Amino acid sequence: MSMKTIAVLGSTGSIGRQTLEVLRAHPELGHVGALCAHGNAELLLAQALAFRPALVGIADEAAADALRPYLPEGTHLEVGPQAATVAAALTEVDTVVNGVSGFAGTEPLLAALRAQKTVALANKESIVCAHKLVDEALRHGGKIVPVDSEQSAIFQCLCGGAHSEVKRLWLTASGGPFRTLPKERLCAVTAEDALHHPTWSMGAKITIDSATLFNKGLEIMEASYLFGIDGARISVLVHPESIVHSMVEFSDSSVLAQLSRPDMRLAIHYALAWPARMPSAFGALNLAEAGKLTFEAPDEERFPSIPLAYAALAEGEVLPIAYNAANEAAVARFRSGEIGFCGVFHAVEYAMAHISRGTIRTFADILETDREARSLAEKAMEKKI
Ligand code: NDP
Ligand code: MG
């Protein structure tokens, strides 16, 4: 197999740093053709000096000054909000790791697919918001290999049968830090409490999403769009040990599961080695040590993020975008202490109820809905309506 040339978008984040760790341990997977971040010039520079990519991209123009004079000679520096999109479509790159956080990952995903790249997709907000344009872009010949652990598990389990033989996707969820917290205490938790995830170490936004279960809601939609399975055939199962990463049930009632230690480097390694399986330096699973695997149904009353996701998925036009945008706006305010934990549920519920309905056809339509949903969420949060 020929060496891959890899663009790492969001290289300074949790997924990006782990991707570079995997490539450091496994140079046989490929080499780095581009690195891209938002504003962390210091770490981006250190990465650029270590991996010597053809292109370095940084979205924040002020931060670029701390980078420009120190880059190795011959490195192209792309500065501005388009940087990740430029890196995603770079001619010499064939594989793009999308580890940008939030809605900002959307244009790079579309650009990479249109340029026929293979995208190792960690960013889920993009496919939730732009699933229609993603379907269109995939016709150009690009591919998506999921990095999100649940979707990677399903992707792997789907090899066990034909698409027409799939009865149900079972998405597992850790349940987050408040899995057992009574309803009357849930609204009083702080951002600091929410940032202590029991099994995974991730970026701040997805860690909050794991506490509210908005992460699982986004993944219900992500799974539906990645695998072409409607919401009625996707279920969530809380599994606090985070060892079974998800499952596929087939028509004969046989269920295939994918298991590993909760370590994103394994899912990243799988996506970069795909379509091959290659030896990995990371975390062999010891089930005797793990001992017990437990499962329970999610509590949709304490976590309305789950039923709201099914409602958004059933509509499939503006609601997935509104769900995501309102959540992003609310997570930012929750992190800065301006709203409480349950305020996040309320903001999303309000934005979904009041968003202008219509059909999504273009990226401009997505942007417009995204902006409207953010301002509806702000209104709900300011006036506490
Ligand atoms: P982080 O917040 O740790 O990192 C985000 C990265 O994106 C940073 O490198 C940041 O740069 C960069 N970035 C943000 N905005 C832009 C932009 N406009 N242009 C270019 N780069 C940008 O997030 P995570 O790594 O935790 O998550 C990334 C994505 O992967 C999310 O969509 C998340 O849901 C998904 N995911 C993450 C998992 C995890 O374990 N972390 C697991 C499964 C999915 P800077 O540092 O300069 O701000
Ligand atoms: Mg996940």
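This report concerns the structure included in the present document. (Residues numbered from 1 in each chain as written. Chains lettered and ligands numbered in written order. Predicted model: local features only at pLDDT ≥ 70, side-chain atom pairs only at ≥ 80, totals over all residues. Heavy atoms only, no water.)

A word on the pairing of strand E1 (residues 4-9)
The condition is simple: Partly exposed describes any residue whose relative accessible area lies between the buried limit of under 20% and the exposed limit of over 50%, with all areas from a 1.4 Å probe on protein chains only and scaled to the type maximum. A helix here means a DSSP run of H or I that spans at least four residues, while a strand means a run of E at least two residues long, and both kinds are numbered starting from the N terminus. Handedness of a crossover is defined as follows: with both strands directed away from the viewer, a clockwise route from the first strand across the helix to the second makes it right-handed. Think of it this way: DSSP has to see at least two bridges between two strands before they count as a pair.
Judged by how many residues are buried, E1 sits mostly within the fold: six of six residues are covered. Alternating positions in E1 separate into two faces, Lys4, Ile6 and Val8 on one and Thr5, Ala7 and Leu9 on the other, with burial throughout. Once the chain exits E1 it traverses helix H1 (residues 14-25) before rejoining the sheet at strand E2 (residues 30-37), and the crossover so formed is right-handed. Summarising the sheet, E1 and strand E5 (residues 95-98) pair through four bridges and their orientation is parallel. Within E5, the position partnered with Val8 by the bridge is Val97.

A closer look at the nonpolar core
Our working rule: The set of buried Ala, Val, Leu, Ile, Met, Phe, Trp, Tyr and Cys residues whose side-chain atoms join them within 4.5 Å is what this entry labels a nonpolar core. Contacts were defined at the residue level, with two residues in contact if any of their heavy atoms lie within 4.5 Å.
Residues Leu67, Leu169, Phe178, Tyr323 and Ile366 are the most contacted members of the largest nonpolar core, which totals 130 residues. Ranked by residues supplied to this core, first place goes to helix H15 (residues 318-335) with eleven residues. Among residues more than four places away in sequence, those in contact with Tyr323 are Phe214, Gly217, Leu218, Met221, Ser305, Leu308, Ala309, Ala312, Val348 and Met352.

Quick word on the coordination of the magnesium ion (ligand 2)
Quick reminder of the rule: Note: metal donors comprise N, O and S atoms at 2.8 Å or less from the metal (3.2 Å for Na, K and Ca); water molecules are not included, so apparent gaps in a site are possible.
Those donors, Asp148 (OD), Glu150 (OE) and Glu219 (OE), are the protein atoms that reach the magnesium ion (ligand 2), and they lie 2.1 Å from it. Taken in chain order, the donor set of the magnesium ion (ligand 2) reads D-x1-E-x68-E. Separated by 71 residues along the polypeptide, Asp148 in the loop between strand E7 (143-146) and helix H7 (149-157) and Glu219 in helix H11 (residues 214-227) bring together distant segments of the chain. Take Asp148: its relative accessible area is 7%, and that puts it in the buried class. The exposure class of Glu219 is buried, given its relative accessible area of 1%.

As for the packing of H15 against helix H16 (residues 341-354)
For the record, the criterion: The axes are straight lines fitted to the C-alpha atoms, using for helices just the contacting stretch, and the angles between their N-to-C directions are given from 0 to 180°. For this classification, under 35 degrees means roughly parallel, over 145 means roughly antiparallel, 65 to 115 means roughly perpendicular, and everything else is oblique. A clockwise turn of the near helix away from the far one marks a right-handed crossing, whereas an anticlockwise turn of less than a right angle marks a left-handed crossing. Under this grouping Gly is polar, as are all residues other than the nonpolar Ala, Val, Leu, Ile, Met, Phe, Trp, Tyr, Cys and Pro and the charged Asp, Glu, Lys and Arg.
H16 packs onto H15 with a crossing angle of 150° between their chain directions and a minimal axis gap of 8 Å. With respect to H16, the element H15 is oriented roughly antiparallel. Here the hand of the crossing between H15 and H16 comes out right-handed. Residues Leu319, Ala322, Tyr323, Ala326, Asn327, Ala330 and Phe334 of H15 form the contact with H16, whose participating residues are Phe341, Val344, Ala347, Val348, Ala351 and Met352. Grouping the constituent residues of the contact of H15 with H16 by class yields twelve nonpolar, one polar and no charged.

Considering the site of ligand 1
Applied cut-off: Proximity criterion: a residue is near a molecule or strand once any of its heavy atoms comes within 4 Å of it. Here a polar contact is taken to be a pair of N or O atoms separated by no more than 3.5 Å, where protein atoms must pair a possible hydrogen donor with a possible acceptor and residues adjacent in sequence count only if both atoms sit in side chains. Per-residue and other accessible areas follow the Shrake-Rupley method at a 1.4 Å probe size, with only the shown protein chains counted as cover for residues.
Every one of the 24 residues lining ligand 1 counts as a neighbour, but Thr12, Gly39, Asn40, Glu125 and Gly203 are closest to it. At 2.8 Å, a backbone N or O of Asn40 approaches an oxygen atom of ligand 1. Relative to its unbound accessible surface of 910 Å², ligand 1 loses 85% to contact with the protein. Tallied by class, residues from the shell around ligand 1 come to nine nonpolar, twelve polar and three charged.

A few points about the layout of surface pockets
For clarity, the cut-off: As defined here, a cavity is a set of points on a 1 Å grid over the protein atoms alone where a 1.4 Å probe fits but cannot get out. A pocket is an open set with protein on both sides within 12 Å along at least five of seven lines, and residues line them when an atom is within 4 Å of a point. Grid points are joined across faces, edges and corners, and a volume is the space filled by probe spheres set on the points.
If you add up the space inside the second largest pocket, you get close to 260 Å³. If you go around the second largest pocket, you meet 20 residues; those closest to its centre are Gln156, Gln258, Leu266, Ala267 and Tyr270. Breaking the lining of the second largest pocket down by element, the ones donating at least two residues are H7 and helix H12 (264-273). In the lining of the second largest pocket, the residues fall into nine nonpolar, eight polar and three charged.

Side note on H11
This is how the line gets drawn: The length a helix should cover is 1.5 Å for every residue beyond the first.
Look at H11: 20 Å from first C-alpha to last across 14 residues, which is about the 20 Å you get at 1.5 Å a residue. By the criterion of burial, H11 is predominantly enclosed, with 13 of the 14 residues buried. The positive-phi residue at the C-terminal boundary of H11 is Gly228, with phi of around 65°.

Quick notes on unusual backbone geometry
Cis peptide bonds are those with omega within 30 degrees of zero, and the linkage from Trp274 to Pro275 qualifies with 10°. Relative to the assigned elements, Pro275 resides in the loop between H12 and helix H13 (287-290). You will see that Leu213, though not glycine, has its phi angle at about 70°, which is positive. Relative to the elements of secondary structure, Leu213 occurs in the loop between helix H10 (204-212) and H11. For Leu213, a relative accessible area of 4% corresponds to the buried category.

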